[in-house]
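Residue strings, one per chain:
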Amino acid sequence: NVQEEGLVKDRIFSVAMHPRSDRFVGVAGDKWGKIGVWDCGSVGRNVQEEGPDQLPRAIFAAFKRPVSQLSFGRLDNRKLYASSYDGSIRCVDVGSEAIHDTWVLSEEDDARVQGFKELSSGVMWACDHHGQVHRIDPRESHGDSKPKKSIFTLHEKKISSIDFHCDDYTMVTCSLDQTVALWDCRKLKKWVVEKLAFTSVAIFGPWY
């Protein structure tokens, strides 16, 4: 339990594991915007015998509000993407703790980015508590210009999670309005809507 071992000081809001297969590297984001990195070493290493205090750790401040989601880059897993209740997504270099990019989805004080998904094209989709999804395309930025952003209102209440099929155009959203919906993002056409109570997350399985 990374929280019991003191990876971050406050309540954990999000966790992620690095995709490399030869070692375990975990990250956790807390209530006040801190991100902790825990390098458990190579696969097969006996952490219990060595003790957690002997493992490399790092904690750095990425935000001032809760870290809602963490995910290592799909195109470059040296990058860690993090979203926050402050309405932004940041791309962090875990090794240097440098912040490469900051995409502000909303300037509102109550803005909350609930989650995001990076596609194989590099396009980023994110969801918020207003029932909206945001499409961010870094490929359409030039020099110091900001990437192109589009906003679509898809639900009446907060969207708690967003995910994509491996085809990169079938999207699933899960909302506080108690619906789970499938979308064709080429036209943002709704395919299927299921009414489900008390559902907070909907994702595609790794076999897709």
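Anything mentioned here points back to the structure above.
Note that this is a predicted model, so its numbers are computed, not measured.

The rules behind each value
- Residues numbered from 1 in each chain as written.
- Predicted model: local features only at pLDDT ≥ 70, side-chain atom pairs only at ≥ 80, totals over all residues.
- Heavy atoms only, no water.
- Salt bridge = Lys/Arg side-chain N within 4 Å of Asp/Glu carboxyl O.
- Helix = DSSP H or I, 4+ residues; strand = E, 2+ residues; numbered from the N terminus.
- Buried < 20%, exposed > 50% of the residue type's maximum accessible area, 1.4 Å probe, protein only.
- Pairing = 2+ DSSP bridges.

Q: Go over the pattern of salt bridges, please, and point to the residues and values.
A: For the coordinates displayed, the defined rule picks out six salt bridges. Here Asp 22 makes a salt bridge to Arg 20, at a shortest N to O gap of 2.7 Å. We note a salt bridge from Asp 168 to Arg 74, for which the minimum N-O separation is 3.3 Å. Of this pair, Asp 168 sits in the loop between strand E13 (159–164) and strand E14 (170–175) while Arg 74 sits in the loop between strand E5 (67–72) and strand E6 (79–84), placing them 94 residues apart in sequence. Under the relative-accessibility criterion, Asp 168 is labelled buried at 16%.

Q: Account for the environment of Phe 152, with residues named and values stated.
A: Along the chain, the position of Phe 152 falls in strand E12 (residues 148–153). Along the sequence, Phe 152 and Val 133 sit 19 residues apart, while their C-alpha atoms lie 5.3 Å from each other.

Q: Tell me about the pairing of strand E1 (residues 12–17), residues and numbers included.
A: As paired elements, E1 and strand E2 (residues 23–30) share five bridges and run antiparallel to each other. Paired with Ser 14 across the strands is Gly 29, a residue of E2. Taken together, E1 and the strand that follows it, E2, pair antiparallel across an intervening segment of five residues.

So yeah, pure geometry; function would need other evidence.
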